[in-house]
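# Residue-level structure breakdown
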Amino acid sequence: KGPKRTPADIQAYYNANKARYMVPEQRVLRIARIGPEQVANVQASDKEIADYYKANQAQYAPKETRVISRVVVPDQAAAQAIVNRVRSGQTFAAAVAPAGFSAADISVGPQTREQFTALAGPQVTAATFSADDGALIGPVQSSVGWNVVKVDGIKREGGKSFEAARSEIATKLVADKRKAALEDLVANVQDSLDDGSSFSEAAAAPNLPIIETPPITGQGNAPSDPKFVLEAGLATAVLKSGFELAENDDPVIETLPSDG
């Protein structure tokens, strides 16, 4: 027969061995998953794809470089005289010589639209880049005088036709639209909860699937069902918020690793 244990001894032993006598808190959690599957039917229309292609012509148009000769004179009459000499059969270099310009003075060389705009201004560039190879343009007035321009060559490379770009545009638009639709869905559910809807009511409107767990611990284990496993993608966010809420607290929306 051992020594008699006092109430203090028993309490001390209990305090040192609480884990042997305590059952971990268990909760039944209800989860409505909002994810890509709810917006899988969102597609891009033919019009949306075509409109995107038109709005992004700079991205899909071929890169165009033009070899350009250009002269700028102070008055329209001098510019028109140069145009007349070219149209009578003179070369551009010969036509500008009476105005005191050499071949080196008029050679601009290869220019993209952006480069030529910086050099000659938007009005001269618009006329030059809408003209055919070999065309003579002018006189066109700019901030520095009267311009006469000759297109000596056009080189185009790259670019994509609408049909070639259609698939990648559709993929981008579908991804963007589904992301926006998912954000709208989350916002609508949150608004419903803010307006006083219950968990079931908020989940019912967008037809969200509901998962109800068996009684589980804060680690996600179910003592009554050892085979139960909480989906890995749900575990961190769901367990944290699920065990922080009081029984009558409003439902909360948590962001999952997959943006669900």
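Residues numbered from 1 in each chain as written. Predicted model: local features only at pLDDT ≥ 70, side-chain atom pairs only at ≥ 80, totals over all residues. Heavy atoms only, no water.

### Section: unusual backbone geometry
To be explicit about the condition: The helix count covers DSSP runs of H or I at least four residues long, the strand count covers runs of E at least two residues long, and both are numbered beginning at the N terminus. Under the scheme applied here, a residue whose accessible area is under 20% of the maximum for its type counts as buried, over 50% as exposed, and between as partly exposed, the area being computed with a 1.4 Å probe on protein chains only.
For the bond running from glycine 138 to proline 139, omega is -5°, close enough to zero to count as cis. Turning to its location among the elements, proline 139 is positioned in strand S4 (residues 136-142). Unlike most non-glycine residues, asparagine 207 shows phi in positive territory, near 60°. By the secondary structure assignment, asparagine 207 is in the loop between helix H11 (199-204) and strand S6 (210-212). Taking relative accessible area as the criterion, asparagine 207 reaches 64% and is therefore assigned exposed.

### Thoughts on a negative patch on the surface
This is how it is decided: Patch criteria: residues need more than 30% relative accessible area and no salt bridge. Like-charged residues are merged within 9 Å; nonpolar side chains of Val, Leu, Ile, Met, Phe, Trp and Tyr are merged within 5 Å. Under the convention used here, a 1.4 Å probe and the Shrake-Rupley method define accessible areas, while residue burial counts only the protein chains that appear. Salt bridges, as used here, are contacts in which a Lys or Arg side-chain nitrogen is within 4 Å of a carboxyl oxygen on Asp or Glu. Asp and Glu count as negative and Lys and Arg as positive, but His and the ends of the chain are not part of the count. One atom stands in for each charge, and that atom is NZ of Lys, CZ of Arg, CG of Asp or CD of Glu.
There is a patch of like negative charges on the surface, built from Asp191, Asp194, Asp195, Asp249 and Asp250. Here aspartate 250 shows up in the segment after helix H12 (232-242). Taking relative accessible area as the criterion, aspartate 250 reaches 57% and is therefore assigned exposed.

### As for the confidence of the model for the protein chain
Note the threshold: Along the chain, pLDDT gives the predictor's confidence residue by residue, from 0 to 100.
Averaged over all residues, the pLDDT of the protein chain equals 91, while 98% of them reach at least 70. When pLDDT is averaged over each helix and strand of the protein chain, the minimum, 73, is found for helix H2 (residues 18-21) and the maximum, 97, for helix H5 (residues 76-87).

### Digging into the packing of helix H3 (residues 46-55) against helix H10 (residues 162-194)
Operational definition: Angles shown run from 0 to 180 degrees and are taken between the N-to-C directions of axes, each axis being a line fitted to C-alpha atoms and, for helices, limited to the stretch in contact. Working rule for angles: under 35 degrees goes down as roughly parallel, over 145 as roughly antiparallel, 65 to 115 as roughly perpendicular, anything else as oblique. Less than a right angle of anticlockwise turn of the near helix away from the far helix marks a crossing as left-handed, whereas a clockwise turn marks it as right-handed. What makes two residues a contact is simply this: any of their non-hydrogen atoms within 4.5 Å. The residue classification treats Ala, Val, Leu, Ile, Met, Phe, Trp, Tyr, Cys and Pro as nonpolar and Asp, Glu, Lys and Arg as charged. All others, Gly included, are polar.
Contact geometry of H3 with H10 gives a least axis separation of 9 Å together with a crossing angle of 110°. Between H3 and H10, the interaxial angle falls into the category roughly perpendicular. Here H3 and H10 pass one another in a crossing that is right-handed. Contacts between H3 and H10 pair Asp46, Glu48, Ile49, Ala50, Tyr52 and Tyr53 from the former with Phe162, Ala165, Arg166, Ile169, Ala170, Lys172, Leu173 and Lys177 from the latter. Its residues placed into classes, the contact of H3 with H10 shows nine nonpolar, no polar and five charged.

### So, the side chain of threonine 217
Mapped onto the secondary structure, threonine 217 falls in the loop between S6 and H12. Judged by its relative accessible area of 7%, threonine 217 is buried. Leave out the neighbours within four places in its chain, and threonine 217 touches Pro24, Glu25, Gln26, Pro223, Leu239 and Phe243.

### Some details on the packing of aromatic side chains
To be explicit about the condition: Pairing of aromatic side chains here covers Phe, Tyr and the six-membered ring of Trp, requires ring centres within 6.5 Å, and sorts the geometry by plane angle: under 30 degrees stacked, over 60 edge-to-face, intermediate tilted.
For the structure on display, the rule yields three aromatic pairs. Seen in terms of ring centroids, phenylalanine 116 and phenylalanine 129 are 6.4 Å apart; in terms of plane orientation they differ by 45°. Their pairing is tilted. Of this pair, phenylalanine 116 sits in helix H8 (residues 113-120) while phenylalanine 129 sits in helix H9 (residues 122-129), and the two are 13 residues apart along the sequence. What links up through ring pairs into an aromatic cluster is the set Tyr53, Tyr60 and Phe162.

### Side note on the pattern of salt bridges
In the structure shown here, the tally under the stated rule is 12 salt bridges. Its salt-bridge partner being glutamate 168, residue lysine 160 comes within 2.5 Å of it at the nearest N-O pair. According to the relative accessible area criterion, lysine 160 is partly exposed, its value standing at 37%. Judged by its relative accessible area of 36%, glutamate 168 falls in the partly exposed class. Notably, a salt bridge pairs aspartate 176 with lysine 172, separated by 2.9 Å at the nearest N-O pair. Of this pair, aspartate 176 and lysine 172 both sit in helix H10, four residues apart, roughly one helical turn. In this structure, a network of salt bridges that share partners links the residues Glu64, Arg66 and Arg156.

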